[in-house]
Amino acid sequence: MKPEWYYNEKQSGVDYSNPEIVREYDNQHQFRDFVEETKGIVHRLNIKPKDTVLEFGCGTGGITLNLAKHCQKVIGVDVSMTMLDILKKKAIKRNITNIRTFHAGFLSYNHDPSCEVDKIISVLALHHLPDFWKSVALFKMAEILKPGGKLYLFDVVFTFKVQDHQRALEGMINDMQDLAGDSMARETITHLKDEFSTYDWIMKGLLVKSGFKIDSVEVGGDNIIGYLCSKI
């Protein structure tokens, strides 16, 4: 039981517990190539056939289902039961049996210490937590990982100067409009208003202070960054 003051991991921003919204999720994200994204993650983390990989914010399984081909076990964690139900149906349809799902968030997930985790990934999900609670979540990830384990964090993280924020954020919305249409542009606006993306210099500090060494950083424009980290 968490104390009364503990952060309530309700869905911030877009409500992915809403079945109507979740039914449209995969259609809205057709601009992403999950097979290629997964291959990149497997390469960066050197995921091996005997590895256990944990994904926080697994959603409907775009990456989780593809990861299952590359490792022994995938643990998928998501705060939306509606999304997990879709993931499980996809796994059954594709005859994928090495995925276990948990209805939980970064903070509420309780890991079985007898299950060693080699790698953890989180893609476009940690921004749902305010910065302090990001640090708590990262600390938990470091505790879960086995010695020498790896973390890959890919998220909306800002690099622009604060005086340039209007140009950068309007550009972010326009880019999403061009890439994926009106609905994803509206989701981007919701993200900026109601979610908790932070600056790169803050995220680096959170990672280091939470028990990680940053091995490499990949910057994609003003607002997308991937961090490859090792547990210290």
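Residues numbered from 1 in each chain as written. Predicted model: local features only at pLDDT ≥ 70, side-chain atom pairs only at ≥ 80, totals over all residues. Heavy atoms only, no water.

Points about the overall build of the protein
Broken down by element type, the protein carries 8 helices and 8 strands. Against the compact-globule benchmark of 17 Å for 232 residues, the protein has a radius of gyration of 17 Å, which places it among compact chains. In the protein, which comprises 232 residues, the share counted as buried stands at 50%. Considering only residue pairs separated by 6 or more positions, the protein has 70% of its internal contacts joining residues 24 or more positions apart. Summing over all exposed atoms, the protein offers an accessible surface of approximately 11900 Å²; the carbon and sulfur share of this is 53%. The average position of the 29 basic charges and that of the 31 acidic charges among the side chains of the protein differ by 7 Å. (Helix = DSSP H or I, 4+ residues; strand = E, 2+ residues; numbered from the N terminus. Rg over C-alpha atoms; globule rule 2.2 N^0.38 Å. Buried < 20%, exposed > 50% of the residue type's maximum accessible area, 1.4 Å probe, protein only. Contact = heavy atoms within 4.5 Å. Areas by Shrake-Rupley, 256 points an atom, 1.4 Å probe, with all protein chains shown as cover. Lys, Arg positive; Asp, Glu negative; His and termini not counted. Charge placed at Lys NZ, Arg CZ, Asp CG, Glu CD.)

Some thoughts on the side chain of Asp155
As for its placement among the helices and strands, Asp155 is situated in strand S5 (residues 145-158). Notably, Asp155 is buried but unbridged: the nearest opposite-charge side chain belongs to Lys134, and the N-O separation is 6.9 Å. For Asp155, the side chain forms a polar contact with the side chain of His127, separated by 2.6 Å. (Salt bridge = Lys/Arg side-chain N within 4 Å of Asp/Glu carboxyl O. Polar contact = N/O pair within 3.5 Å; in protein donor to acceptor, adjacent residues only side chain to side chain.)

Remarks on unusual backbone geometry
With a phi angle near 60°, Asn95 is a residue other than glycine that sits in the positive phi range. The residue Asn95 is located in the loop between helix H4 (81-93) and strand S3 (99-103) in this model. With a phi close to 55°, Leu124 is a non-glycine residue in the positive phi region. Judged by relative accessible area, Leu124 falls into the partly exposed class, the value being 28%.

Quick notes on the packing of helix H5 (residues 131-144) against helix H8 (residues 200-209)
Close contact between H5 and H8 brings their axes to 9 Å; oriented N to C, the two are set at 35°. The two elements H5 and H8 cross, and the hand of that crossing is right-handed. Of the residues in H8, those touching H5 at Asp131, Lys134, Ser135 and Leu138 are Ile202, Met203, Leu206 and Leu207. (Axes fitted to C-alpha atoms, helices over the stretch in contact; angles between N-to-C directions. Left-handed = near helix turned anticlockwise from the far one by under 90°.)

Observations regarding the packing of aromatic side chains
This model, assessed by the stated rule, comprises 13 aromatic pairs. Ring geometry for Trp5 and Tyr6: centres 5.7 Å apart, planes at 45°, overall tilted. The exposure class assigned to Tyr6 is buried, which follows from its relative accessible area of 18%. Through a chain of ring-to-ring contacts, three or more aromatic side chains come together here, namely Trp5, Tyr6, Tyr7, Phe132 and Trp133. Directly above the ring of Tyr6 sits Lys2, whose terminal nitrogen or CZ lies 4.8 Å from the centroid. (Phe/Tyr/Trp six-rings, centres within 6.5 Å; stacked < 30°, edge-to-face > 60°. Lys NZ or Arg CZ within 6 Å of the ring centre and 35° of its normal.)

A word on the pattern of salt bridges
Where side chains of opposite charge bring their charged atoms close, a pairing between them can arise. All told, the structure shown has 11 salt bridges when counted by the stated rule. For the salt bridge of Glu36 with Lys39, the shortest nitrogen-to-oxygen distance reads 3.5 Å. A residue pair is termed a helical-turn pair when its members lie 3 or 4 positions apart in one helix, as Glu36 and Lys39 do in helix H2 (residues 34-45) at 3 residues. On the basis of relative accessible area, Glu36 is assigned to the partly exposed category, the value being 44%. In this structure, Lys119 engages Asp51 in a salt bridge whose closest nitrogen and oxygen atoms are separated by 2.6 Å. Of the two residues, Lys119 sits in strand S4 (residues 117-123) while Asp51 sits in the loop between H2 and strand S1 (52-56), which places them 68 residues apart along the sequence. When sorted by exposure, Lys119 lands in the same class as Asp51, which is buried. Three or more residues joined by partner-sharing salt bridges are found here, namely Glu116, Asp118 and Lys146.

With respect to the environment of Met141
The topology assignment puts Met141 in helix H5. For Met141, a relative accessible area of 1% corresponds to the buried category. With 30 residues separating them in the primary sequence, Met141 and His111 have C-alpha atoms 9.8 Å apart. The residues contacting Met141, other than those within four sequence positions of it, are Phe56, Phe106, Ile120, Leu126, Leu151 and Phe212.

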